[in-house]
Amino acid sequence: MVFFWVASNCPLADILKECRGVSESVNDSVFPYTYAGVLLAKKGRLDDSLEALNLANSNTFSRVLFQYLAKNRKFEPAEIVFDDPMPYQAWTKTAFYNKYLISSLRAIRGFSDCVLPPASGEITIFDVGTGNGVFITSVVNELAKHHDLKKATLILNDQSASMLELAKHQILNHILLPTTIVTIHGRIQDLTVNELTILDQQGPIWFINGAASMHHMPRETKIHMLRKLLNYCDHILVSDFHA
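An account of the accompanying structure is given in this report. (Residues numbered from 1 in each chain as written. Predicted model: local features only at pLDDT ≥ 70, side-chain atom pairs only at ≥ 80, totals over all residues. Heavy atoms only, no water.)

1. Quick look at the overall build of the protein
Along the protein, the regular secondary structure elements total 12 helices and 5 strands. At 19 Å, the protein has a C-alpha radius of gyration in line with the 18 Å of a compact globule built from 243 residues. With respect to the three principal axes, the spread of C-alpha positions in the protein is 60 × 35 × 30 Å. With 243 residues in all, the protein has 49% of them scored as buried. If you take every contact in the protein between residues at least 6 apart in sequence, the share linking residues at least 24 apart comes to 73%. Only carbon and sulfur atoms are counted for the fraction: they give 54% of the accessible area of the protein, which is about 12200 Å². The averaged location of the 24 negative side-chain charges in the protein is 3 Å from the averaged location of its 22 positive side-chain charges. (Helix = DSSP H or I, 4+ residues; strand = E, 2+ residues; numbered from the N terminus. Rg over C-alpha atoms; globule rule 2.2 N^0.38 Å. Buried < 20%, exposed > 50% of the residue type's maximum accessible area, 1.4 Å probe, protein only. Contact = heavy atoms within 4.5 Å. Areas by Shrake-Rupley, 256 points an atom, 1.4 Å probe, with all protein chains shown as cover. Lys, Arg positive; Asp, Glu negative; His and termini not counted. Charge placed at Lys NZ, Arg CZ, Asp CG, Glu CD.)

So this is what it looks like as structure tokens:
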């Protein structure tokens, strides 16, 4: 896989050859190059990263990332990059994101048939790493139609205050249910028990949602964080790439 070739510091030509093979197997001519570009940039191979991203320039996210790296010549940590909503906004307009969203909604709908919402039709969901709010809005709208829901309380968490504002705007303008929004600003793995008391105040929580928000965490950090969240809800749904 692409990750192995990059992690093994293989020559760029070999990595791009692997990307071509993956593109054919997943029927996506763009994403493997974008993925390789991100991994290469993370390892400090910026010129190789730019070459891979340039092969995916038909993709909006790849173009934005290419321009960012070409201008700044460094790969910033996620807390810096995603403080500005622009890259995430571009990402949620990609064909790959749309495929990911559709498959995730199918899985979440299946979960909701096994763990039914409250009979009142009033639900509470805690969304970890909510981003621009597109994902959780789609989730609630899908479940509202599937279960005839009446009202939602959404507890939104993100490390970017700008992203939380964008998410609130997205939800209030596009969600199908009367919705109350509560926000928790900060990295989920850094939040203290005191900062998470709001979860008890808003409960009971139907489920905790983590959409493409945990893959960057070291394994031990992720395990500790998930165990901490289980104190507030028995059901954590993680939809990610290699979480």
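2. Structural notes on the side chain of Ser213
With respect to the secondary-structure elements, Ser213 resides in the loop between strand 4 (207-211) and helix 12 (219-229). Looking at Ser213, the relative accessible area reads 10%, which means it is buried.

3. Overview of the nonpolar core
Formed by 39 residues in total, the largest nonpolar core has its most connected members in Phe135, Ile136, Val139, Val140, Leu154 and Phe207. Among the elements that line this core, the one with the most residues is helix 9 (residues 134-147), at 7 residues. Discounting chain neighbours no more than four positions away, the residues touching Val139 are Leu105, Ile108 and Phe207. (Core = buried A, V, L, I, M, F, W, Y, C linked by side-chain atoms within 4.5 Å.)

4. What to know about the side chain of Thr137
Structurally, the position occupied by Thr137 is in helix 9. Given a relative accessible area of 3%, Thr137 falls into the buried group. Residue contacts for Thr137: discarding those within four places in its chain leaves Gln170, Ile171, His174 and Ile175.

5. Re the pattern of salt bridges
With the rule as written, the count across this model stands at 8 salt bridges. Between Asp47 and Arg73 there is a salt bridge, with its nearest N and O atoms 3.1 Å apart. Taken together, the positions of Asp47 in helix 4 (residues 46-54) and Arg73 in the loop between helix 5 (60-72) and helix 6 (78-81) put the pair 26 residues apart, joining distant regions of the chain. Under the relative-accessibility criterion, Arg73 is labelled partly exposed at 42%. Ionic pairing is found between Asp190 and Arg187, a salt bridge with its closest N-O pair at 2.6 Å. Residue classification places Asp190 among the partly exposed residues on the basis of a relative accessible area of 44%. For Arg187, a relative accessible area of 33% corresponds to the partly exposed category. (Salt bridge = Lys/Arg side-chain N within 4 Å of Asp/Glu carboxyl O.)

6. Overview of the pairing of strand 2 (residues 151-158)
Every regular strand shows the same layout, with side chains that alternate between the two sheet faces. Taking burial as the measure, the 8 residues of strand 2 include 7 buried ones, the bulk of the element. Where strand 1 (residues 122-128) meets strand 2, 7 bridges bridge the pair, whose relative direction is parallel. Of the residues in strand 2, the one forming a bridge with Asp127 is Leu156. For the handedness criterion, the β-α-β arrangement of strand 1, helix 9 and strand 2 is classed as right-handed. Where strand 2 and strand 3 (residues 179-185) come together, 7 bridges link them in parallel fashion. Note on strand 3: the bridge partner recorded for Asn157 is Ile184. (Pairing = 2+ DSSP bridges. Right-handed = clockwise from strand over helix to strand, strands pointing away.)

7. Observations concerning the pairing of strand 5 (residues 236-239)
Burial along strand 5 is one-sided: the residues Leu237 and Ser239 are buried and none of Ile236 and Val238 is. Here 4 bridges tie strand 4 to strand 5, and the two strands are oriented parallel to one another. Looking across to strand 5, one finds that Asn209 is bridged to Leu237. With helix 12 bridging strand 4 and the parallel strand 5, this β-α-β connection has right-handed handedness.

8. Some words on unusual backbone geometry
Phi angles above zero are rare outside glycine, and Asp148 is one such case at about 55°. On the secondary structure map, Asp148 appears in the loop between helix 9 and strand 2.

9. A short note on the packing of helix 4 against helix 5
When two helices pack together, you describe them by how their axes are tilted relative to each other and by the distance separating the axes. Where helix 4 contacts helix 5, the two axes come as close as 9 Å, and the packing angle between them is 155°. In terms of orientation, helix 4 lies roughly antiparallel with respect to helix 5. Seen from above, helix 4 lies across helix 5 with left-handed handedness. Listed contacts from helix 5 to Leu46, Ser49, Leu50, Leu53 and Asn54 of helix 4 are Ser62, Leu65, Phe66, Leu69 and Ala70. (Axes fitted to C-alpha atoms, helices over the stretch in contact; angles between N-to-C directions. Parallel < 35°, antiparallel > 145°, perpendicular 65-115°, else oblique. Left-handed = near helix turned anticlockwise from the far one by under 90°.)

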